[in-house]
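Residue strings, one per chain:
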Amino acid sequence: MDRIVGLDIGSTKICVVVAEVDDDGTLKITGLGSSPSQGLKRGVVINVEKTVQSIRTAIEDAQEMSGTHISAVYAGIAGDHIRSVNTRAVVAVSGPDNEITANDEERAIEAAKAVSIPMDREIVHVLPQSFVVDDQPGIKDPIGMSGVRLEVDVHIVTGAVTSAQNICKSIRRAGVEVVDLVLEPIASSYAVLTPDEEEMGVALVDVGGGTTDLAVFYDGAIRHTAVVGLGGTNVTNDMAIGLRTPWKQAEAMKRESGCALQSLVRPNDMVDVLGVAGRPSREVSRAKMAAIIEARMEEIFGHINQEIRRTEYADLLGAGIVLTGGGSMLQGCAELAKEIFDLPVTIGKPRGITGRANAVSEPLYATAVGLVQFGLFHQNRDFIFDDGDFFDSIFGRMKNWVQNFF
């Protein structure tokens, strides 16, 4: 039985999900491991040793629960160093009788990669969106069609070379190989979005600890991705300062009593706030705490809304907004997002899994579960991601995606 492992390296937690593929192709969750994230800031490794230890702890927990040995993982990558661009390329059809072949498709996508990229950045994903055969647009699979001219629209995601290398280095030092690096909002989309939502138009907003990630889909293809360097950690920091309480206490209060929309809180609700350095506890209104949270969440959603408005798909999101990630679990988060985006908002939870599904049913596991679902979709690849040679790795991945395109 095939086994797939997803490793979500977040700024606040490291999460490992182990899944087996049933005979009918369903993913059965068999193991889950997590540990506090040490050594990362906004999705970027800042201390390799601490990161390695956090990864190792999460892997050991997952191995113990699943009763299996983990040797390779699909790993998520995020961080505000991520950039994306849409580009188009055209090639002449070379096959006999002007019939489009897989080779023509590959040549078109390879030509689309010829964009100017700074020396310190490399391509992480090359995602085909649609094809144009002669003057016929909107084609999803051109192979076998006749034409003299093949165009392709692709979405290219780039990241800092050193950031990807440090993630791979940390994972390998923890004792496992990296099958592939996957942009985290793309991974999350596999877990929480339906084909109908991607067809109608939807914006996936993954509110993590250090970053908030965006992926916009329309007509069944990804159209825009972005990463905002703000997340749940910023909310906790604001609470620690505003309420004058230790960071760990602020985090606990946020999880237990936090609310992202002040109007949902009763004015007379009070919470106990632990003092700093042995100072006595005191009572603070829950409305005051909600006001602090709402201000920061409003800023985060405001940045995401600006990103969406930069695209041509802002008025085409028929399925609205899907919130996921640990930050989306705050009370009032969906209601606040509805006000900011002026669109329907739902909370996205992992779906399409069996086994220990209840253990990973919350939004904070969306990326980890999405990574194993991504692995299921692309499991026939026969290479291991090599951070020392980005080009070969990405080209191998690109060819496989073309084969599985739609």
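Draft legend 1. Quick look at the sheet that holds strand β10 (residues 149-160). If you trace the four strands from one edge of the open sheet to the other, you get β7-β10-β8-β9, paired in antiparallel fashion. Two strands lie at the open edges of the sheet, namely β7 (83-92) and β9 (136-139), each paired on one side alone. Within this sheet the neighbouring strands show an average axis-to-axis angle of 35°, counted without direction. Across two bridges, the pairing between strand β8 (residues 121-133) and β9 is antiparallel.

Draft legend 2. Spatial organisation of the sheet that holds strand β1 (residues 3-9). A sheet is described by the order of its strands in space; here six strands give the open sequence β11-β6-β1-β2-β3-β19, paired in mixed fashion. Each having just a single partner strand, β11 (177-183) and β19 (353-355) make up the two edges of the open sheet. Taking the axes of each pair of neighbouring strands and ignoring which way they run, one obtains an average angle of 35° across the sheet. Examined bridge by bridge, β1 and strand β6 (residues 72-77) share two bridges and lie parallel to one another. Paired with L7 across the strands is A75, a residue of β6. Its contacts with the sheet put helix α10 (residues 366-377) on β1, β2 (13-21), β3 (27-36), β6, β11 and β19, and the angle it makes with β1 is roughly 140°.

Draft legend 3. Seen up close, the packing of aromatic side chains. Per the stated rule, a full pass over the model turns up five aromatic pairs. Taking the centre distance of 6.2 Å and the plane angle of 70° together, the rings of Y74 and F374 count as edge-to-face. With a gap of 300 residues between them, Y74 in strand β6 and F374 in helix α10 connect regions that are remote in the sequence. Each member of the pair, Y74 as well as F374, carries the same accessibility label: buried. Joined through ring pairs, the aromatic side chains of Y74, Y190, F374 and F377 make up one cluster.

Draft legend 4. Here's a closer look at the side chain of D269. Residue position: D269 is located in the loop between α7 (247-257) and β15 (270-273). Every residue in contact with D269, bar those within four places of it in the chain, is listed here: V284, S285 and R286.

Draft legend 5. The arrangement of the packing of helix α6 (residues 232-242) against helix α8 (residues 286-309) in detail. Two elements in contact, α6 and α8, have axes separated by 9 Å at closest approach and are oriented at 140°. By the criterion of interaxial angle, the relationship of α6 to α8 is oblique. For α6 against α8, the interelement crossing comes out right-handed. Counted together, N234, V235, D238, M239 and G242 of α6 and K288, M289, I292, I293, R296 and M297 of α8 form the full contact between these two elements. Partitioning the contact of α6 with α8 into residue classes produces six nonpolar, two polar and three charged.

Draft legend 6. A look at the environment of S35. Tracing the sequence through the fold places S35 in strand β3. S35 gets classed as buried once you look at its relative accessible area, which sits at 7%. On a C-alpha basis, the gap between S35 and I55 in space is 7.6 Å, while along the polypeptide they are 20 residues apart. For S35, the residues in contact, after removing those within four places along its chain, are K13, I14, S54, T57 and A58. At 2.7 Å, the side chain of S35 and the backbone oxygen of S54 are in polar contact.

Draft legend 7. Structural view of the pairing of β15. A one-sided burial pattern is seen for β15, the buried positions being V271 and V273 and the unburied ones M270 and D272. Where β15 meets strand β16 (residues 282-285), four bridges bridge the pair, whose relative direction is antiparallel. Opposite V271, over in β16, you have V284 as the bridge partner.

Draft legend 8. Examining the packing of helix α1 (residues 48-66) against helix α3 (residues 161-173) more closely. Two numbers describe how α1 lies on α3: the axes approach to 8 Å, and their chain directions differ by 55°. One finds that α1 runs oblique with respect to α3. Between α1 and α3 lies a crossing of right-handed hand. Between α1, through V48, E49, T51, V52, I55 and R56, and α3, the contact on the second element is made entirely by S170, I171 and R173.

Draft legend 9. Geometry of α3. Here α3 contains 13 residues, and its C-alpha end-to-end distance of 18 Å stays within 8% of the 18 Å for a straight helix at 1.5 Å per residue. For α3, every residue scored as buried is listed here: V161, S163, A164, I167, C168, S170 and I171. The positive-phi residue at the C-terminal boundary of α3 is G175, with phi of around 105°.

Draft legend 10. Up close: the nonpolar core. Counting 40 residues, the largest nonpolar core has M239, M297, F301, I308 and I321 as its most contacted members. Ranked by the residues each element gives to this core, the list is headed by α8, at eight residues. Here F301 is in contact with V205, V207, L323, C333, L336, A337, I340 and F341, once residues within four sequence places are set aside. Listed in part, the 37 residues of the second largest apolar core include V21, L193, V322 and Y365.

Rules used throughout
- Residues numbered from 1 in each chain as written.
- Predicted model: local features only at pLDDT ≥ 70, side-chain atom pairs only at ≥ 80, totals over all residues.
- Heavy atoms only, no water.
- Pairing = 2+ DSSP bridges.
- Helix = DSSP H or I, 4+ residues; strand = E, 2+ residues; numbered from the N terminus.
- Axes fitted to C-alpha atoms, helices over the stretch in contact; angles between N-to-C directions.
- Contact = heavy atoms within 4.5 Å.
- Phe/Tyr/Trp six-rings, centres within 6.5 Å; stacked < 30°, edge-to-face > 60°.
- Buried < 20%, exposed > 50% of the residue type's maximum accessible area, 1.4 Å probe, protein only.
- Parallel < 35°, antiparallel > 145°, perpendicular 65-115°, else oblique.
- Left-handed = near helix turned anticlockwise from the far one by under 90°.
- Nonpolar A, V, L, I, M, F, W, Y, C, P; charged D, E, K, R; others polar.
- Polar contact = N/O pair within 3.5 Å; in protein donor to acceptor, adjacent residues only side chain to side chain.
- Expected span 1.5 Å × (residues − 1).
- Core = buried A, V, L, I, M, F, W, Y, C linked by side-chain atoms within 4.5 Å.

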